[in-house]
Amino acid sequence: MKTATRIEAVNDFVIKFANVNGSGSASANELFAKAFLRMGIPVSPRNIFPSNIQGLPTWYEVRVTEQGHLGRRGGVDLMVAMNPQTWNADVKEVDAGGYLFYDNTKPLPPSKFRDDINVVGMPLTEICNATYENPRERQLFKNIIYVGALAGMLGMEPEVIAELIGEQYKGKEKLLKPNLNALQLGLNYAREHLKDALGLKTKRAYNVGEKIFIDGNSAAALGCVYGGATVCAWYPITPSSSLAEAFTFYCSKLRVDKATGKQKYAIVQAEDELASIGIVTGAGWNGARAFTATSGPGISLMQEFIGLAYFAEIPVTIIDVQRGGPSTGMPTRTQQSDVTTCAYASHGDTKHVLLFPEDPNECFQFAAEALDLADRLQTPVFLMTDLDIGMNQRLTAPFKWDDSRRYDRGKVMTAEMLEAGKEFGRYLDVDGDGIPFRTYPGTHPNKGAYFTRGTSRNPYAVYSEAGPDYQYNMQRLLKKHDFAKTLVPKPVLTPSKEPARFGIIYYGSTSPSMHEALEALATQGVFINALRIRAFPFQDEIFDFVASHTKVFVVEQNRDAQLKTLLVNDAGINPASLISVLHYDGTPITARFIQKEIAEIVSALNVRPIKKDKAA
Amino acid sequence: MTFLAKPKLHHPTLPKNKLGFTRRDYEGKVSTLCAGCGHDSISAALIQAFWELDIQPHRVAKMSGIGCSSKTPDYFLGQSHGFNTVHGRMPSVLTGANLANRDLIYLGVSGDGDSASIGLGQFAHVMRRGVNMTYILENNGVYGLTKGQFSATADKGSKAKKGSINADSAIDTVSLALLMGATFVARSFSGDKHQLVPLVKAAIAHQGAAFIDVISPCVAFNNHAGSTKSYEYIREHNEAVNRLDFWPTREAITVDYSAGGVIEVPTHDGSILKLRKLHEDYDPSDKINASAMIASAAVKGEVLTGLLYVAPDAEDLHAHLNTYETAFNTLGEKELCPGSAMLEKINAGLR
Ligand SMILES: Cc1ncc(C[n+]2csc(CCOP(=O)(O)OP(=O)(O)O)c2C)c(N)n1
Ligand code: SF4
Ligand SMILES: [Mg+2]
């Protein structure tokens, strides 16, 4: 065997754990990831898991990144190969010069290895069998032992891990001790037998700061609590279930009336998505803030109600944690593939407001914002997150709330206003923004009641199938949609350091990888202005951005270039000025992928260097 | 139609309820249903019940699905907000509305297609959840609005207007409601206002899921060969021109029979409906007995009417969820937003 080169890196590498689902590895791996944060080193972990509870392969990728690159980098520097089922593929995935850590209790033939990677063996099973009687303990503590060994090899601060274990098992002494012992076992072994086994090292840094570590689903749920949602109806579907569960958790802590013990919230796990969106529609119609969380298949089932809510002008907030394809397929993989389906959801001429958060912080902000927008615009509003943001803990800016902020309940005509003789036409455009007034049911004994139905009505909600009434209504809805541009979050521009003739449009979870890719491209001499779209309908800034570049890349995590479709279809942008870069294998888009794709296209386009004075 | 008489002039001699409202104050728009449609009789019974209960019309929220039956909320309680939702999904919308404001009275109106066919799932689940509402199913055994197809409550072996025979078993909605945990279950007939009005009143007063299946003949589509002579003529006419272009004007069927009695009601299609009214001493708190009675009546070809079951200690969804007493739609930042200091604490716990 020839000796492999060694990747040498400090605070900047990718470790991937290959485990078996349900083996207790998840909590151990999470503990490992968090230890870096406590050492001041940013880390970005990702779960790659099957649609299964026990026994199938699952991976956990930890990107250690002193620079704070939170996207998926691509490549693996150290594989912790704990799953014989996936051994071959896992070994193959390690970068040349990288490391393979495995349980060498049972010897494996040389054919099972590669000679361009460094193999680090540790008799994990043997150690466990010698230490523990109970098979379950053998399995569980094996995970902590390897965490200890890795911490030893990487030169991590063991006190930090012990501290985290202490927090986790606070008040559960019976569990605390053996966990600490297991950690120590691993550390000791590494110190004695695996000194300098890895070229990957860690040292304390100061780049975590005030940031918090949370998954997007929890963040969005908290945003719904802060935004004043009182009704949540949902039907379990990965990757959105943990959002409703987090809402339940936060409400139980934050929304129980102290004096009476009564709940200022109602959560219904409905019988299906038709019912969950129906409940949300009913609550919105009746003046409560309500939301549902779902994923693609749920959106499909909700179509009819989405149309009703659009035409009947009912505030509805829908959080779509996007995933790949149908229920058998890639339900536990990430994608941005519900963009067009949500933008045009339902029958008839419909268009909806979409928000695209980039990380948990924006999940929090936009969830609260969505509730305001839904009330203001009296329409369905979609918060478009995805599995990558939703189900992975991410380092993110701390949440902020301005206590002077007031909920925007939109145009609601009160009993006093009706009493004062203000004209009420439920579907009348009184302010020129396309948004009519509504009344809550039960407002006034003889003014302001109306009968809600789809579109067959005149501006005063009187039944009408007259063409002009229908058209008036449809035009007003269009005006309202257009007005939404002035309310939704504006796009964010990241200008390049040098004048650029190319632009990039991206959105949502692509963000961290994009920023890393842009930096890398700049060091290659490829300068690109980047615009992160945060909402649909599109504002003028987006047209101007496209118009001011020769070509604009549109980077998306779907096959059909869905955002580009909206740019062309809805915003009338010339498709010839857009180039799609698409990633849709179910894994989160990586910086390396973006960098490679863009660099190739740019060189194929044969870029002439442009003069500095001709700023883009 | 003619049933809910118009000009909206208030006759000075019209009786008033405690709120000073006459029955006219509980009316709505002019019905657009076929003359004689049982659904209009039900609307009239609803108007009577709300008037008698001295309920302020605007404190009622009327929800419905889609169908002729579901159109009716526009024809009563004109000062109430109404919501004509989507086919078969009224229960979920009503549930959400009820959660948003527990202080209103919720009336759900549906058809047999709406509740037993497309909406069977929501029908079952809204009963399970014990949503505080009065759920009226206007049961005619057909899809009226889409012109006469069978619904899931159509009797096995019955014949549709176009001649096809229904081969599927009928769903008995009262049995299903009982099974699903409805805490008030009744059956009545659209033309029996002496029975229907008190049942509606009791259902409104009930604090939980109250269900009334109201048999409500469709004058237009429950017709088939072998019906009355005049009808035969119309059927032949429609067949000859190969379209349904002539509608007979019919009288709504009314009945009046006493507790414990049986009455045979000839319907527009010529078939006979056999109604049996529960005895005055019937104990509606015995759920198992209720199911047994329904089943044994069915064997005899009879339809049992009256209050079949009521749970005296019923609880509703708000009780199950332990929700706050104040209507959610009146709560603002003060009650709902935990504020920035709490958020700082949450942030600290995430580091
Ligand atoms: C999703 C959907 N499918 C089909 C229809 C067409 N449709 C309207 S009413 C109706 C049947 C109504 O029957 P029922 O509930 O018994 O009411 P009835 O007219 O008999 O009172 C159907 C199938 C619809 N409106 N929506
Ligand atoms: S078609 Fe039947 S159910 Fe519909 S209005 Fe006419 S009689 Fe009533
Ligand atoms: Mg029907």
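Cut-offs applied
Residues numbered from 1 in each chain as written. Chains lettered and ligands numbered in written order. Predicted model: local features only at pLDDT ≥ 70, side-chain atom pairs only at ≥ 80, totals over all residues. Heavy atoms only, no water. Helix = DSSP H or I, 4+ residues; strand = E, 2+ residues; numbered from the N terminus. Buried < 20%, exposed > 50% of the residue type's maximum accessible area, 1.4 Å probe, protein only. Contact = heavy atoms within 4.5 Å. Areas by Shrake-Rupley, 256 points an atom, 1.4 Å probe, with all protein chains shown as cover. Pairing = 2+ DSSP bridges. Near = heavy atom within 4 Å. Polar contact = N/O pair within 3.5 Å; in protein donor to acceptor, adjacent residues only side chain to side chain. Nonpolar A, V, L, I, M, F, W, Y, C, P; charged D, E, K, R; others polar. Salt bridge = Lys/Arg side-chain N within 4 Å of Asp/Glu carboxyl O. Donors = N, O, S within 2.8 Å, 3.2 Å for Na, K, Ca; no water. Domains from an automatic or database assignment. Buried area = accessible area lost by both parts, 1.4 Å probe.

K.L.:
I would appreciate a short explanation of the overall build of chain B in the present structure.
P.N.:
When helices and strands are tallied, chain B shows 12 helices and 11 strands. For chain B, the residues scored as buried account for 56% of the 351 residues in total. Of the contacts made within chain B by residues no fewer than 6 positions apart, 67% connect residues no fewer than 24 positions apart. Of the roughly 14,300 Å² of accessible surface on chain B, 55% is carried by carbon and sulfur atoms.

K.L.:
Explain helix α5 (residues 120-129) of chain B here, please?
P.N.:
An α-helix turns once every 3.6 residues. As a result, residues three or four positions apart point the same way. Taken as a whole, α5(B) has its buried residues at Gln122(B), Phe123(B), Ala124(B), Val126(B), Met127(B) and Arg129(B). Among the residues trailing α5(B), Gly130(B) stands out with phi positive, at a value near 70°.

K.L.:
Looking at this structure, I do not really get the sheet that holds strand β9 (residues 262-266) of chain B. What am I missing?
P.N.:
The pairing of strands in a sheet comes from backbone hydrogen bonds and takes either a parallel or an antiparallel form. Read from one edge of the open sheet, 10 strands run β17(A)-β2(B)-β1(B)-β3(B)-β4(B)-β8(B)-β7(B)-β11(B)-β10(B)-β9(B), paired in mixed fashion. The sheet is open, and its two borders are formed by β17 (451-452) of chain A together with β9 of chain B, each paired with just one other strand. Here strand β4 (residues 133-139) of chain B runs beside strand β8 (residues 209-215) of chain B; their pairing, made up of 7 bridges, is parallel. When the sheet's bridge partners are listed, Tyr135(B) is paired in β8(B) with Phe211(B).

K.L.:
Mind showing me how you'd approach the site of ligand 1 here?
P.N.:
In the vicinity of ligand 1 lie 18 residues, with Cys68(B), Ser69(B), Gly113(B), Asp114(B) and Gly144(B) positioned nearest. Ligand 1 sits at the junction of chains A and B, each of which supplies nearby residues. Between an oxygen atom of ligand 1 and a main-chain N or O atom of Cys68(B), the distance comes to 2.8 Å. Take Asp112(B): an N or O atom from its side chain is 2.8 Å from an oxygen atom of ligand 1. Compared with its free state, where it exposes 600 Å², ligand 1 has 77% of that area covered by protein. Every element with two or more residues in the shell around ligand 1 is listed here: α2 (68-71), α4 (112-117) and β5 (142-143) of chain B. No other element matches the 3 residues that α4(B) contributes to the shell around ligand 1. Classifying every residue of the shell around ligand 1 gives 6 nonpolar, 9 polar and 3 charged.

K.L.:
Could you clarify how one ought to interpret the pattern of salt bridges in this entry?
P.N.:
Oppositely charged side chains may form a pair once their charged atoms are brought near each other. Residue and element names in this part refer to chain A. Considering all chains together, one arrives at 46 salt bridges over all chains under this definition. For Arg289, the salt bridge is made with Asp372, and the minimal N-O distance between the two is 2.8 Å. Highlighted residues: Arg289 in the loop between α9 (273-285) and β12 (290-294) and Asp372 in helix α12 (residues 360-377), separated in sequence by 83 residues. The class for Arg289 is buried, based on a relative accessible area of 3%. A cluster of three or more residues bridged by salt bridges with shared partners is formed by Arg289, Asp372, Asp375, Arg405, Arg409 and Arg438.

K.L.:
Help me understand the environment of Ala35(A) in this model?
P.N.:
Residue and element names in this part refer to chain A. Looking at the secondary structure, you find Ala35 in helix α1 (residues 25-38). The class for Ala35 is buried, based on a relative accessible area of 0%. Separated by 130 residues in sequence, Ala35 and Ile165 place their C-alpha atoms 9.9 Å apart. Apart from residues no more than four positions distant in its own chain, Ala35 is found in contact with Met156, Val160, Ile161 and Leu164.

K.L.:
Before we go on, may I ask you to explain the site of ligand 2 in this structure?
P.N.:
Around ligand 2 lies a shell formed by Leu33(B), Cys34(B), Cys37(B), His39(B), Cys68(B), Asn140(B), Cys218(B), Val219(B), Ala220(B) and Phe221(B). Classifying every residue of the shell around ligand 2 gives 8 nonpolar, 2 polar and no charged.

K.L.:
Even after reading the chapter, I still don't get the coordination of the magnesium ion (ligand 3), so can you show me in this structure?
P.N.:
When four donors bind a metal tetrahedrally, each ideal donor-metal-donor angle is 109.5 degrees, and when six bind octahedrally, the ideal angles are 90 or 180 degrees. All names here are of chain B. Taken together, Asp112 (OD), Asn140 (OD1) and Val142 (O) make up the full set of protein donors to the magnesium ion (ligand 3), lying 2.1 Å away. Sequence spacing of the donor residues for the magnesium ion (ligand 3), all on one chain, is D-x27-N-x1-V. With Asp112 in helix α4 and Val142 in strand β5, the pair connects residues that are 30 residues apart, well separated along the chain. Both residues of the pair, Asp112 and Val142, belong to the buried class.

K.L.:
Is there a simple way to think about the domain arrangement of chain A in this case?
P.N.:
By convention, interface size is frequently given as the accessible area that disappears when the constituent parts associate. All names here are of chain A. Structurally, chain A comprises domain 1 (9-201), domain 2 (214-396), domain 3 (411-489) and domain 4 (492-614). A straight line from the C-alpha centre of domain 1 to that of domain 2 covers 35 Å. With 14 residues of domain 1 at the contact, the number on the domain 2 side is 11 residues. Each partner contributes to the roughly 1,000 Å² buried at the junction of domain 1 and domain 2, and carbon and sulfur atoms together form 54% of this total. Looking at the side of domain 1 facing domain 2, the largest losses of area belong to Arg46, Phe49 and Leu70, adding up to 45% of the total buried there. Across the salt bridge formed by Arg46 and Asp388, the nearest N and O atoms sit 2.7 Å from each other. The tally of links from domain 1 across to domain 2 stands at 2 residue pairs in polar contact (both at pLDDT 80 or more). Among the elements that line the side of domain 1 that touches domain 2, the one with the most residues is strand β3 (residues 43-48), at 6 residues. The residue makeup of the side of domain 1 that touches domain 2, split by class, is 8 nonpolar, 3 polar and 3 charged.

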